[in-house]
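Spelled out from the first residue to the last, the chains are:
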Amino acid sequence: MTRPVTKAVIPAAGLGTRFLPATKAMPKEMLPVVDKPAIQYVVEEAVGAGLVDVLMITGRNKQPLENHFDRVWELERTLEAKGDTGRLEAVMQASDLADVHYLRQGDPRGLGHAVLKARQHVGGEPFAVLLGDDLIDEQETLLADMIRVSAEHGASVVALMEVAPQDAQKFGVATVEAIPGHDGVVRVLDLVEKPAPGTQRSNLAVIGRYVLQPEIFEVLARTAPGKGGEIQLTDALLELSRTGLGGGVVGVVFHGRRFDTGDRLDYIKAIVQLAVERDDLGAPLRAWLKDFVAEI
Ligand code: G1P
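This one's a predicted model, so the numbers in the text were calculated from it and none came from an experiment.

**Some words on the site of the ligand**
- Around the ligand lies a shell of 13 residues, among which D134, G172, E193, K194 and V206 are the nearest.
- Note that an oxygen atom of the ligand is positioned 3.1 Å from one of the side-chain N or O atoms of D134.
- Bound to the protein, the ligand loses 78% of the 380 Å² it would expose on its own.
- Counting residues per element, the shell around the ligand draws most heavily on strand 11 (residues 204–212), which supplies four residues.
- Among the residues forming the shell around the ligand, the class breakdown is six nonpolar, four polar and three charged.

Put into structure tokens, the structure is as follows:
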């Protein structure tokens, strides 16, 4: 019998060095994408897929995350007194979203180590992992699809996306085979974390969404440091796929919209793309962009 997925784990202990000095005193997860911190999009995505129990794996200097998902009575009273219901709703939205729990990673020993920290909280159920640097368009149903595929196949599930060959070195890269009768779902045969340029065996990159069977924990507990001297989630998934433990690993091939807010250029693109589609900002921004582009 498959156990339902109810919990989401969001690793958020990273130092955000690519955004220094902005991230010197502020977590990178709090960087605004238009007018919402990046992390809120990720929590909203988890909630949208029915996961209202969220565990964030944090570290030092991450208190603003806890503050963001908490109530701010003074601000709420002030907005209420002014009759500013739009902003009041926006402020309260983050605190009403989900039950958010926090656990510190302690030693920064990599993504696999961060996920292993969730073991006690998650227990013996399958669970989702969402990486904060990846934003998936809210119109997409990727996470819900992955949860369904995980139940159907009784396996761990990774999200895969085709990338340009020169970009493969930034990701975990999967070698796969088709599963007859299951369009867009593939069996993962091999995984390599950030292959050296030109050595990747496919153009399918693992993007930051996973649905994992609890067997991943026992594997992570014995996974030696890999690429970059860190305990890699990719290496533990490779063991699951090779041994078939926890039903092995399948991939859902994603063709929708993903934004990488962990990269400065992609972060700027994400803001522009999302703002252009907004009712309140889209029209004037589009008009200005056309003039601006004509001038450069
Ligand atoms: C992590 C994973 C990698 C995956 C990527 C997706 O890398 O280790 O396998 O492809 O997330 O964004 P990071 O970007 O944290 O270095």
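**A closer look at the environment of D183**
- Structurally, D183 can be placed in the loop between strand 9 (172–178) and strand 10 (185–193).
- Owing to a relative accessible area of 80%, D183 belongs among the exposed residues under this scheme.
- Linking D183 and G251, residues 68 residues apart in sequence, is a C-alpha distance of 11 Å.

**A few points about a nonpolar patch on the surface**
- On the surface, W288, F292, V293 and I296 cluster together into a nonpolar patch covering about 460 Å² of accessible area.
- With respect to the helices, strands and loops of the structure, V293 is situated in helix 11 (residues 282–295).
- Residue classification places V293 among the exposed positions, given a relative accessible area of 52%.

**What to know about the packing of helix 10 (residues 264–276) against helix 11**
- For the pair helix 10 and helix 11, the least separation of the axes is 8 Å and the interaxial angle reads 125°. As summarised for this structure, helix 10 and helix 11 are arranged oblique, according to the angle between their axes. Along its contact with helix 10, which presents V272, A275 and V276, the element helix 11 presents G282, L285, R286 and L289.
- In terms of residue class, the contact of helix 10 with helix 11 is built from five nonpolar, one polar and one charged.

**Concerning the environment of F19**
- With respect to the element layout, F19 can be found in the loop between strand 1 (7–11) and strand 2 (32–33).
- Owing to a relative accessible area of 10%, F19 belongs among the buried residues under this scheme.
- The spatial distance from the C-alpha of F19 to the C-alpha of D263 is 8.2 Å, given a sequence separation of 244 residues.
- Excluding residues within four positions of it along the chain, F19 makes contact with L31, T261, G262, D263, R264 and Y267.

**Looking at the pattern of salt bridges**
- For the structure on display, the rule yields 20 salt bridges.
- The shortest N-O distance in the salt bridge between K28 and D133 comes to 3.3 Å. Pair noted here: K28 is in the loop between strand 1 and strand 2 and D133 is in the loop between strand 6 (127–130) and strand 7 (134–136), with a separation of 105 residues, a long-range link.
- Of the residues examined, K28 reaches a relative accessible area of 22% and is grouped as partly exposed.
- In this structure, E193 and K194 form a salt bridge, with 3.0 Å as the shortest nitrogen-oxygen distance.
- Residue E193 is classed as buried on the basis of its relative accessible area, which comes to 12%.
- Three or more residues are tied together by salt bridges with common partners; here these are D35, R278 and D280.

Cut-off values and rules
- Within each chain, residue numbers correspond to sequence positions counted from 1 in written order.
- Only residues with pLDDT of at least 70 get local features here, since the model is predicted, and only at 80 or more are side-chain atom pairs given and counted; chain-wide, interface and lining totals rely on the full set of residues.
- Excluding hydrogens and water, the side-chain figures rest on all heavy atoms present in the structure.
- Near, as used in this document, describes a residue that has one of its heavy atoms within 4 Å of the molecule or strand being considered.
- Definition of a polar contact: a pair of N or O atoms within 3.5 Å, with one able to donate and the other able to accept a hydrogen when the atoms are protein atoms, and with sequence-neighbouring residues admitted only if both atoms are side-chain atoms.
- Surface accessibility follows the Shrake-Rupley procedure with a 1.4 Å probe radius. Residue values consider only the protein chains on display as shielding.
- We count a stretch as a helix when DSSP gives it H or I for four or more residues in a row; a strand needs E for two or more, and each element gets its number in order from the N terminus.
- The nonpolar class holds Ala, Val, Leu, Ile, Met, Phe, Trp, Tyr, Cys and Pro. Asp, Glu, Lys and Arg form the charged class, and all remaining residues, Gly among them, are polar.
- Only protein chains enter the area calculation, which uses a 1.4 Å probe; residues under 20% of their type maximum are buried, those over 50% are exposed, and those in between are partly exposed.
- Patch members must show over 30% relative accessible area and no salt bridge, and they are joined within 9 Å when carrying like charges or within 5 Å when they are nonpolar side chains of Val, Leu, Ile, Met, Phe, Trp or Tyr.
- Any Lys or Arg side-chain nitrogen located within 4 Å of an Asp or Glu carboxyl oxygen qualifies as a salt bridge.
- Note on method: axes are straight lines fitted to C-alpha atoms, helices fitted across the in-contact stretch only, with angles between N-to-C directions ranging 0 to 180 degrees.
- Oblique is the label for any angle not covered by the other classes, which are roughly parallel (under 35 degrees), roughly antiparallel (over 145) and roughly perpendicular (65 to 115).
- Whether two residues touch is decided by their heavy atoms; if any such pair falls within 4.5 Å, the residues are in contact.

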